[in-house]
Amino acid sequence: MSKRPRPLVAGNWKMNGSLAGARDLAKAAAELAGRTRTEIALCPPFPLLAPVAAILSGTAAQLGAQDCHAQDKGAYTGDVAAPLLREIGCRYVILGHSERRAQHRESDPEVRAKVAAAWRAGLGAIICVGETESERELGRTRARLALQVQESLPDGANPANTVIAYEPVWAIGSGRTPRPEEVSELHAFLRAALVARIGPEADSVRILYGGSVKADNARALMGVPEVDGALVGGASLDAKAFSAIAEACRET
Ligand code: PGA
């Protein structure tokens, strides 16, 4: 394996958080980003993006959103456009999270269109892939991951505009995680699928692990050489746990 990219730890707050709590977490993330080599990003709900941006501005911590629309503007009540996210200070947007795939029936082509919109706006896309429990039990994990990589990525993915988050659906919010050896194997598989999709540049695209990453399993999961950081849900709402996860990443 060639020189690995700088790890990224992104906090996905999902539909959690409050204005007061967001300020505290943002201050903690700014401080954390100043003392670790790991890149830090916070992805709060839409109404908290601007207040968090105000705190992160001028610090090393990055801001991300949890979704965007595939169009740049228009009559789409309740949706949010990627150019606006960029304008208010986002660097990233999470796309194709399994909760959106399941609860909003987002398909791979829809995810791909959203990724293209994110890129047009200058955002980096954190594209989530992962198998469900039944796919895993049926031995379909690799086929599922290969298809998601093939179908969710527009042409033109590169290390600057794309991050992949491998999130086994059964591990999200469940407290269960794959064994580090499985994570290692599946990340290597995803890397090969990415190389097949976009060529040798894929070697520097970061592949994060996500799904029940906590302070107490971070060393084991982040210690897997193929893992380039974490997408963290529940534990990102606890500044101490989030910081422990970031500190468990390799020093590159
Ligand atoms: P979790 O969520 O860390 O709470 O399991 C991860 C995610 O959904 O991104």
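Numbering of residues begins from 1 in every chain and follows the order in which that chain's sequence is written. Totals for whole chains, interfaces and linings use all residues, but because this is a predicted model, local features are given only for residues with pLDDT of at least 70 and pairs of side-chain atoms are given and counted only at 80 or more. Side-chain figures throughout are based on the complete set of non-hydrogen atoms in the structure, without hydrogens or water.

## With respect to the overall build of the protein
- The secondary structure content of the protein amounts to 10 helices and 8 strands.
- In this description the radius of gyration comes from C-alpha coordinates, and the expected globular size is given by 2.2 Å times residues to the power 0.38. On C-alpha atoms alone, the protein measures out to a radius of gyration of 17 Å, which is about the 18 Å that the 2.2 N^0.38 rule sets for 252 residues.
- Taken along the three principal axes of its C-alpha coordinates, the protein extends 45 × 45 × 35 Å.
- Burial here depends on accessible area, computed with a 1.4 Å probe over protein chains only, as a share of the maximum for the residue type. Under 20% is buried, over 50% is exposed, and the range in between is partly exposed. Here the protein holds 252 residues, and 53% of them are scored as buried.
- Expressed as a percentage of contacts within the protein between residues at least 6 apart in sequence, the contacts between residues at least 24 apart total 73%.
- Throughout, the Shrake-Rupley method with a 1.4 Å probe supplies accessible areas, and for residues the shown protein chains are the sole cover considered. Counting every atom, the protein has about 10800 Å² of accessible surface; 53% of that belongs to carbon and sulfur.
- When the 30 positive and 29 negative side-chain charges of the protein are each reduced to one mean point, those points stand 3 Å apart. Where helices and strands are cited, they refer to DSSP runs of H or I of at least four residues and of E of at least two residues respectively, numbered from the N terminus. In this analysis, two residues are considered to be in contact whenever any of their non-hydrogen atoms come within 4.5 Å of each other. Charge counting follows a simple rule: Lys and Arg are positive, Asp and Glu are negative, and His as well as the terminal groups are ignored. For the purpose of locating charges, the reference atoms are NZ of Lys, CZ of Arg, CG of Asp and CD of Glu.

## Structural notes on the environment of Ala248
- Looking at the element boundaries, Ala248 is found in the segment after helix 10 (239-247).
- Note on Ala248: relative accessible area 8%, which makes it buried.
- Each C-alpha atom of the pair Ala248 and Ala220 lies 8.6 Å from the other, and the pair is 28 residues apart in sequence.
- Ignoring any residue separated from it by four or fewer positions in sequence, one finds Ala248 in contact with Ala218, Arg219 and Met222.

## A closer look at the site of the ligand
- Proximity is defined per residue: if any heavy atom of the residue lies within 4 Å of a molecule or strand, that residue is considered near it. Residues in close proximity to the ligand total 13 residues, the closest being Lys14, His97, Glu167, Gly173 and Ser212.
- Here an oxygen atom of the ligand sits 2.7 Å away from a polar atom, N or O, in the side chain of Lys14.
- Within the side chain of Glu167, one N or O atom sits 2.6 Å away from an oxygen atom of the ligand.
- Its free accessible area being 280 Å², the ligand has 97% of it covered by the protein chains.
- Basically, the charged four are Asp, Glu, Lys and Arg, the nonpolar ten are Ala, Val, Leu, Ile, Met, Phe, Trp, Tyr, Cys and Pro, and anything else, Gly included, counts as polar. Partitioned by chemical class, the residues of the shell around the ligand number 4 nonpolar, 7 polar and 2 charged. Pairs of N or O atoms are called polar contacts if they sit within 3.5 Å, as long as, within protein, a hydrogen donor faces a hydrogen acceptor (for residues adjacent in sequence, only side-chain-to-side-chain pairs).

## As for the sheet that holds strand 3 (residues 62-65)
- Following DSSP output, two strands are said to pair if at least two bridges run between them. A barrel is described by the order of its strands in space; here 8 strands give the closed sequence 1-2-3-4-5-6-7-8, paired in parallel fashion. Neighbour to neighbour, the strand axes of the sheet diverge by 25° on average, direction disregarded.
- Taken together, the 4 bridges between strand 1 (residues 8-12) and strand 8 (residues 229-232) define a ladder with parallel strand orientation. From the neighbouring strand, Gly11 faces strand 8, where its bridge partner is Val232.
- Interaxial angle, 0 to 180 degrees, is taken between N-to-C directions of lines fitted to C-alpha atoms, where a helix line uses only the stretch in contact. Each of strand 2 (39-43) and strand 3 is contacted by helix 2 (residues 46-56), which is oriented at about 170° to strand 3, the strand it contacts most.
- Helix 8 (residues 180-198) rests against strand 5 (124-129), strand 6 (162-166) and strand 7 (206-210) of the sheet, and its axis sits at about 145° to strand 7.

No statement about biological role is implied by the geometric values presented.
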